[in-house]
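# Observations on the model geometry
Residues per chain, in single letters:
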Amino acid sequence: MALLEVKNLSLDLKQGDVSYRLVDGLSLEINEGEAFCLIGESGCGKSVTALSLTRLLPCPPFSYGGGEVTMDGQDVLQLSDEQLRKVRGAKVSYVFQDPVAYLNPIHRVGTQILEMLQLHQPAKATPDRIVELLDRVGIPSPETRMNDYPHQMSGGMLQRVMIAMALASEPQLLVADEPTTALDVTIQAQILALLSRLQQELNMAVLLISHNLGLVESFADRVAVMYAGQIVESGKTCDVLENPKHPYTEALLRAIPRLGEKVDRLCSIPGQVPMAGHFPLGCRFHPRCSCVQAECKSVEPSLESISGQRSLRCPVRQAS
Ligand SMILES: Nc1ncnc2c1ncn2[C@@H]1O[C@H](COP(=O)(O)OP(=O)(O)OP(=O)(O)O)[C@@H](O)[C@H]1O
Ligand SMILES: [Mg+2]
């Protein structure tokens, strides 16, 4: 059953007198207990999409240009501040890239978890529950480590603490926005394995956001690929990885080594993600696309359902 349903969401940003559309007609669905990945290069709008899910962006300068974000039956875009606080706490939690920026350096990590419990699960705001949460995220000797200050922990440990804090409210959806980007490669794999284990053990939906398509394979049931504020392809992870349809997905796959796959050399995608307000006419990817045709330069393609759970925003590939 769908836990989160985003329908035709648009998000604008006003700078001076000019308004830019950062997210344009985005739709996605995440089921209860599902692992879902949102992938795309830097600047394509992944983080602002994630923050929109619980209206965490300041309005102004941001504004919602339309659409619906339905979480567990409620349209988040229509909720009062009071109702919204409940969604943010009990239903959706976030883990971000840099734990150091989110932890208070002068408070023990256990105290910071306790604060989350007091806020969202007051009946469980006990030292035992702190130990249980730290244990669940794989911190050894949690009874001792709960008394550490953030500077006494490694980056990987701190990210585990952030995940423990996110779990304190017992969310139905955990949004992990580039949770491993700041970590060493071996630690990255451990954190992803942890998120995957928690998703299964707690039957909690996880939205993993990354620019690395290589992370998706072992993690997500379904994946959506985002480019310049729009989803360009989505489907079951195995289908998208084995048989990518959109030239952008293909290019992302070529640019990223996949586990166990031997590659002679990696190909970077020529050009850059266009900035909001400077999206080209027609298909937004066309200036970088190896399969570009005349129509791609003038007609803006729509996202079409092509089979089963698969969608594609590329008429050239749809036809072939
Ligand atoms: N607070 C802000 N003020 C101005 N522009 C912003 C702000 N937040 C995001 N943007 C712009 O919105 C667009 C989308 O940004 P977003 O952070 O969502 O990208 P992203 O896909 O998460 O990239 P990354 O992989 O680098 O995190 C970018 O063009 C960015 O410059
Ligand atoms: Mg981001």
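Structural data are supplied above this passage.
Here's what I pulled together on the structure shown here.

Reading the values: rules and limits
- Residues numbered from 1 in each chain as written.
- Chains lettered and ligands numbered in written order.
- Predicted model: local features only at pLDDT ≥ 70, side-chain atom pairs only at ≥ 80, totals over all residues.
- Helix = DSSP H or I, 4+ residues; strand = E, 2+ residues; numbered from the N terminus.
- Rg over C-alpha atoms; globule rule 2.2 N^0.38 Å.
- Buried ≥ 20, exposed ≤ 12 C-beta atoms within 10 Å, placed from the backbone.
- Contact = placed C-beta atoms within 7 Å.
- Near = placed C-beta within 6 Å.
- Nonpolar A, V, L, I, M, F, W, Y, C, P; charged D, E, K, R; others polar.
- Pairing = 2+ DSSP bridges.
- Axes fitted to C-alpha atoms, helices over the stretch in contact; angles between N-to-C directions.
- Expected span 1.5 Å × (residues − 1).
- Arc of directions from axis to C-beta.

### Comments concerning the overall build of the protein
On a plain count of helices and strands, the protein comes out with eleven helices and twelve strands. Rg of the C-alpha trace for the protein: 20 Å, near the compact-globule value of 20 Å for 320 residues, within the 12% margin. Principal-axis analysis of the C-alpha atoms gives the protein an extent of 65 × 50 × 40 Å. Each of the 320 residues in the protein was classed as buried or not, and the buried ones make up 40%. Here the contacts in the protein between residues at least 6 apart in sequence split such that 63% fall between residues at least 24 apart.

### A short note on unusual backbone geometry
Apart from glycine, the bulk of residues carry a negative phi angle, and the bulk of peptide bonds sit in the trans form. Cis geometry is found at the peptide bond from C59 to P60, where omega equals -10°. Of the consecutive residues P60 and P61, the connecting peptide bond is found in the cis state with omega at 10°. Position of P61 relative to the elements: it lies in the loop between α1 (46-52) and β4 (62-71). Unusually for a residue other than glycine, R55 sits at a positive phi of about 55°. Inspection of the secondary structure puts R55 in the loop between α1 and β4. C-beta crowding within 10 Å serves as the criterion here: with 18 such atoms nearby, R55 is assigned to the partly exposed category. The phi dihedral of E178 falls on the positive side, at around 50°, and the residue is not glycine.

### Focus on the site of ligand 1
Surrounding ligand 1, one finds 14 residues, the nearest of these being S42, G45, K46, S47 and V48. Of the residues that constitute the shell around ligand 1, the class distribution is six nonpolar, six polar and two charged.

### Details of the sheet that holds strand β11 (residues 304-307)
Read across the sheet, eight strands follow the order β6-β7-β8-β3-β9-β10-β12-β11 without closing on themselves; strand pairing throughout is mixed. Sheet topology places β6 (92-95) and β11 at the edges, where each strand pairs with a single neighbour. Averaged over neighbouring strand pairs, the angle between their axes works out to 25° when direction is ignored. For strand β10 (residues 230-236) and strand β12 (residues 310-312), the ladder comprises two bridges, and the chain directions are antiparallel. Of the residues in β12, the one forming a bridge with E233 is L312. Contacts between helix α7 (residues 155-167) and the sheet are confined to β6 and β7 (173-177), with β6 contributing the most and set at about 170° to the helix.

### Focus on helix α4 (residues 109-120)
The end-to-end C-alpha separation of α4 is 17 Å, in line with the 16 Å expected for twelve residues at 1.5 Å each. Those residues of α4 lying buried are V109, G110, Q112, I113, L114, M116 and L117. For α4, the secondary structure elements touched by its buried residues are α5 (127-136) and α7.

### Quick notes on helix α2 (residues 81-91)
Where α2 is concerned, the buried positions are V87, R88 and K91. One side of α2 holds all its buried residues, which, seen down the axis, span an arc of 120°. Across from the buried face of α2, at angles greater than 90 degrees, the exposed residues are D81, E82 and K86. Lining the buried residues of α2 we find β4, β5 (74-75), β6 and β7.

### Here's the deal with the pairing of β11
Pairing geometry for β11 and β12, over three bridges, is antiparallel. For E304, the partnering residue across the bridge sits in β12 and is L312. In textbook terms, the turn of a hairpin is the stretch between consecutive antiparallel strands, and for β11 and β12 this stretch comprises two residues, one of which, G308, has a positive phi near 45°.

### A short note on the environment of V137
By secondary structure assignment, the location of V137 is in the loop between α5 and α6 (142-145). The spatial distance from the C-alpha of V137 to the C-alpha of K245 is 37 Å, given a sequence separation of 108 residues.

Structural measurements only, silent on function.
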